[in-house]
Structures are given as structure tokens and as C-alpha cells.
Amino acid sequence: MKIAIITDSHECAAMASWIAENALCTAELERWIIDPVPDVAEQVLDALAAQWLRTPVDMLIFPAGSPGDELATRLAWRLHGGSLCQVQAVDVRQGLVKKSHWGNALTATLQITARPLCLSLARQPEVSTSGHSLPVMTEYLITPTAPPDWLDKVESVNSVTTHPLLRAGRVLVVGQGGSEADADKITALGQALDAEVGYSRARVMNGGFDADRVTGISGHLLSPDVCIVAGASGAAALMAGVRQSRFVVAINHDASAPVFSQADVGIVDDWLPVLEELVRCKNA
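Not measured: the values here are computed from a predicted model. (Residues numbered from 1 in each chain as written. Predicted model: local features only at pLDDT ≥ 70, side-chain atom pairs only at ≥ 80, totals over all residues. Heavy atoms only, no water.)

A.B. asks: I'm lost on the overall build of the protein chain in this one. Help?
C.D. replies: From N to C terminus, the protein chain includes 8 helices and 13 strands. A principal-axis box enclosing the C-alpha atoms of the protein chain has dimensions of 70 × 45 × 35 Å. Residues classed as buried in the protein chain amount to 45% of the 284 residues present. For the protein chain, the share of sequence-separated contacts (at least 6 apart) that also reach a separation of at least 24 residues comes to 65%. (Helix = DSSP H or I, 4+ residues; strand = E, 2+ residues; numbered from the N terminus. Buried < 20%, exposed > 50% of the residue type's maximum accessible area, 1.4 Å probe, protein only. Contact = heavy atoms within 4.5 Å.)

Below, the structure is given as C-alpha cells:
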């Protein structure tokens, strides 16, 4: 199978790691480099289509994120092929693609039938990608055209920083079940345990909690050393955000809660007094 990897001009560590994990080095790979990075998809769609006509491939793989999703979808339409966004894995030998469905409650395995198939990758937790680099492959330059007339202005945001949850070695994720506690109380518990605090979407939607700290498939995907999941049943959408944790502690008053099947240590109790006792033990 012939595959084109679409990247910008910089080394893409996340893409290199994904290629290694999926053993794509055995496929016939090309790298199509978009340089400079366009403001909108219209600047590169024609060039990508023209490159495919010159050097046809069976599959085109775009990076994770909204731009990758858009390019994969729109290019597939232009090439009369197929598209899949937020793909988790590819099995080239068997011609299979895996991606999550139903809020990450299940993983679908799909047979590759359309040619060309345009894919974008699923978001992944910010884990170390050291040791991986893109394999040597034929490279083609994709040069964007001038911005379209309808694009009036582009603003650059230079102050983007990594969210503290993504850098934290310890995380406390609080669901909506069990004890009632306000945001200040939970934040204080997190600080006392040297942990950044995240919330389930259900707790945030009930109001009074920082929506920028939602953890799960629709929020942050985390990979801390230690994650305490308190008052959460273990719904797939939430657990997708903490499944890369090295060690998971679950606290829930329901002994049959699914969260315990995904934890290294489980405590059956109301989460608030358990956390308060953990703080007392730490300070003793």
C-alpha cells in the first residue's frame, strides 16, 4: 500500500510516533510537506489534488486537529475517495482502520475499501515521543496559494501555553456523584495533595466549575503519573481522558461502579471524606 504522510516543514514527533506504533515503516511512504502553513484549507486543496494526480497513493494521512479533519474530508470529496477523521490505528497488512464511536464507548474496526482514503489522526495525550523520528522517504513540497479574497484578516495568538493539567504529574478528577463540594473546596483538596484538578463534563454542566478543566473525550486527554478519579462511575467518555495514567486510584461509594475495573487501586466510600483523610495522612 502506498501512503502519503501530510505534515508541515517541521519534524512532527507525534506523527513519527504514530507511524512507528502502527508499523507503517513497512509500507511505501511519501511525505508531502505543506510549507508555509496556510491560513485556510482553500490555499492547499488544489495543490494536494494536483500532487495526487502526479503521484497517486492509496492513503493520505493528516495530523490530528481541526485542520487535518477538514483537509481529509474535503480532499476525499475532490478525489472521489473516502475519508475518516480521528483515526486511532491502521493495520496496513489487513486493510483495517480503527476509530472510536459513541463518545469513545466502543472502538469500530472498519475495512478499507475506498481509494484513496484520506485520514486524520485522533487526538492523543501529551506523552513523550522521544526516540521517534520520521523515516526516510520521498518528499514533495506543497506550496499554498495566496489567501482567498473573502479572507479579510488573520490574527496570530502568540501567548498559547500548555494547560497545567497536561503538565501535571498528579491529577484529581472529580465526577458528579457522591459528596457535594464546591469548586473552592475541591481546588483546596487538589492543592493539598499536590494535584491539578479536573472535572467530568457532567459536573461542569451542572454549573459552578471551570469548563476549561473538563477531562475526557470532549476535554483534556491526560497522562499523569498518578490520577485520582473521585465520584465518577467510570463512563467511557471520561476514562478516555485518563487511560494513559501510569497509576489510577478510584473512589466511589458504589462497589459495582465500572471505574473500579480500570483502576489500580479502588476505595469503596464517599470520596470527600477519603480525600480529606488522605490530606491528613500527607500532613501528618
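Read on, since the account is not over.
A.B. asks: Just to check I follow, could you spell out the pairing of strand β12 (residues 247-252) for this structure?
C.D. replies: Side-chain positions along a regular strand alternate between the two faces of the sheet. The element β12 is extensively covered by neighbouring structure, given that 5 of its 6 residues are classed as buried. Relative to β12, strand β11 (residues 226-230) is paired through 5 bridges, and the arrangement is parallel. Counted as the bridge partner of C227 is V248 from β12. In this sheet, strand β13 (residues 265-268) lies alongside β12 in parallel orientation, the contact comprising 4 bridges. Among the inter-strand pairings, I251 is bridged to a residue of β13, identified as I267. (Pairing = 2+ DSSP bridges.)

A.B. asks: How do you make sense of the pattern of salt bridges when you look at a structure like this?
C.D. replies: Side chains carrying opposite charge are able to pair once their charged atoms draw close together. Applying the stated criterion to the full structure yields 12 salt bridges. R170 serves as the salt-bridge partner of D194, at 3.9 Å between the closest nitrogen and oxygen. One end of the pair, D194, is in the loop between α5 (183-192) and β10 (196-199); the other, R170, is in strand β9 (residues 170-174), with 24 residues separating them in the sequence. Judged by its relative accessible area of 47%, D194 is partly exposed. Its relative accessible area of 43% is what places R170 among the partly exposed residues. Between R280 and E277 there is a salt bridge, and its shortest N-O distance comes to 2.8 Å. Of this pair, R280 and E277 both sit in helix α8 (residues 271-283), separated by 3 residues, roughly a single helical turn. Residue classification places E277 among the partly exposed residues on the basis of a relative accessible area of 38%. Through salt bridges that share partners, E42, E70 and R74 make up one connected network. (Salt bridge = Lys/Arg side-chain N within 4 Å of Asp/Glu carboxyl O.)

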